[in-house]
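So the chains spell out like this:
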Amino acid sequence: MFGWGKEMDVRVAGSVDIDRPVEDVFSHWSEYERHPEWADSVLERRKITDGPVGVGTRIHAVDQFPGRKVESTIEITAYEPSRLMAASWSEPMPGTFEARFEPTDTGTRFEFTSEASPTGLMALIAPLLKGFATRRLEKFLTAFKHSVEHA
């Protein structure tokens with residue numbers, strides 16, 4: 001049983017094979033302003049730090065979170081061009097993501113993992129959040145593949 005303030009991580013992971021070279025897939029992913037094109041819960045992404053994307057880059061994010069619009073700042077925590085990008089955020093609940101890009105014989109395998117730590121009232125519905133996040137990830141992977149292959 002969950003208690004008030006007790007944390008239970010909600011982790012989702014998935015992958016999709018994309019028929020494009022790894023450099024193209026990574027480049028497409030790195031264009032944050034385009035994320036609303038394939039992620040239906042993403043309303044806006046805007047880089048708020050100067051210079052090229054890398055560790056420490058911050059992105060203003062506006063998302064549709066069940067029933068409401070939320071704003072947060074995403075910070076890049078790992079960055080290896082055409083291989084890996086990871087980030088963290090604190091709103092509406094602390095979380096992280098890791099995106100990996102692996103060359104295959106026919107293109108790229110894109111692997112995505114996200115973890116969030118709901119607290120308080122949100123912790124009480126963590127199992128429901130996991131189901132919601134899993135369905136959203138499946139839809140996101142399919143839409144991202146389509147967007148990259150038809151760019």
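Here the structure is a predicted model, which means the values were calculated and not measured. (Residues numbered from 1 in each chain as written. Predicted model: local features only at pLDDT ≥ 70, side-chain atom pairs only at ≥ 80, totals over all residues. Heavy atoms only, no water.)

Enquirer: What is the right way to look at the overall build of the protein in this model?
Expert: Assigned secondary structure in the protein consists of 3 helices and 7 strands. Helices and strands in the protein line up, N terminus first, as β-α-β-β-β-β-β-β-α-α. Taken over the C-alpha trace, the protein has a radius of gyration of 16 Å; the compact-globule value for 151 residues is 15 Å, and the two agree within 12%. The principal-axis extent of the C-alpha atoms belonging to the protein is close to 50 × 35 × 25 Å. Considering the protein as a whole, with its 151 residues, one finds that 39% of them fall into the buried category. In the protein, of all internal contacts separated by at least 6 residues, the share reaching a separation of at least 24 is 50%. Carbon and sulfur atoms provide 52% of the accessible area of the protein, an area that totals close to 8,300 Å². Within the protein, one finds 18 positive and 24 negative side-chain charges whose respective centroids are separated by 5 Å. (Helix = DSSP H or I, 4+ residues; strand = E, 2+ residues; numbered from the N terminus. Rg over C-alpha atoms; globule rule 2.2 N^0.38 Å. Buried < 20%, exposed > 50% of the residue type's maximum accessible area, 1.4 Å probe, protein only. Contact = heavy atoms within 4.5 Å. Areas by Shrake-Rupley, 256 points an atom, 1.4 Å probe, with all protein chains shown as cover. Lys, Arg positive; Asp, Glu negative; His and termini not counted. Charge placed at Lys NZ, Arg CZ, Asp CG, Glu CD.)

Enquirer: Help me understand the confidence of the model for the protein in this model?
Expert: One rule of thumb: low pLDDT means the predicted coordinates there are not for detailed reading. Counting all residues, the mean pLDDT for the protein is 89, and 92% of those residues have values of 70 or more. Residue range residues 1-6 is modelled with pLDDT below 50. Its contacts to residues more than four positions away, or to other chains, number 11 contacts. (pLDDT = per-residue confidence, 0-100.)

Enquirer: Can you help me understand the pattern of salt bridges in this one?
Expert: Oppositely charged side chains can form a pair if their charged atoms are brought close together. The full count for this structure, using the stated rule, is 11 salt bridges. We note a salt bridge from Arg34 to Glu31, for which the minimum N-O separation is 3.4 Å. Measuring nitrogen to oxygen at the nearest pair gives 2.8 Å for the salt bridge that ties Arg100 to Glu98. Taken together, the salt bridges that share partners define one network made up of Glu31, Arg34 and Glu37. (Salt bridge = Lys/Arg side-chain N within 4 Å of Asp/Glu carboxyl O.)

Enquirer: How should the sheet that holds strand 7 (residues 108-116) be read in this particular structure?
Expert: Through backbone hydrogen bonds, the strands of a sheet pair up, either in parallel or in antiparallel fashion. Strand order across the open sheet formed by 7 strands is 1-7-6-5-4-3-2, with antiparallel pairing between neighbours. Strands at the two margins of the open sheet, each flanked by one partner only, are strand 1 (10-18) and strand 2 (42-47). Taking the axes of each pair of neighbouring strands and ignoring which way they run, one obtains an average angle of 20° across the sheet. Relative to strand 5 (residues 84-89), strand 4 (residues 68-80) runs antiparallel, the two sharing 5 bridges. (Pairing = 2+ DSSP bridges. Axes fitted to C-alpha atoms, helices over the stretch in contact; angles between N-to-C directions.)

Enquirer: Where do I start with unusual backbone geometry in this structure?
Expert: For residues that are not glycine, phi is negative in most cases, and the peptide bond is trans in most cases. In this structure, Ser82 takes a positive phi of about 65° despite not being glycine. Its place among the elements puts Ser82 in the loop between strand 4 and strand 5.

Enquirer: For this particular structure, what's the right way to read the nonpolar core?
Expert: Generally speaking, nonpolar side chains in soluble globular proteins are found buried as a group. Ranked by size, the top nonpolar core spans 28 residues in total, and within it Trp29, Phe97, Phe101, Phe110, Phe112, Phe140 and Phe144 carry the most contacts. The biggest single contributor to this core is helix 3 (residues 126-149), with 5 residues. Those residues in contact with Phe97, other than ones at most four positions away along the chain, are Trp29, Ile74, Met85, Ala86, Ala87, Trp89, Phe112, Thr113 and Ser114. Of all hydrophobic cores here, the second largest spans 6 residues; its members include Val10, Phe65, Ala116 and Leu129. (Core = buried A, V, L, I, M, F, W, Y, C linked by side-chain atoms within 4.5 Å.)

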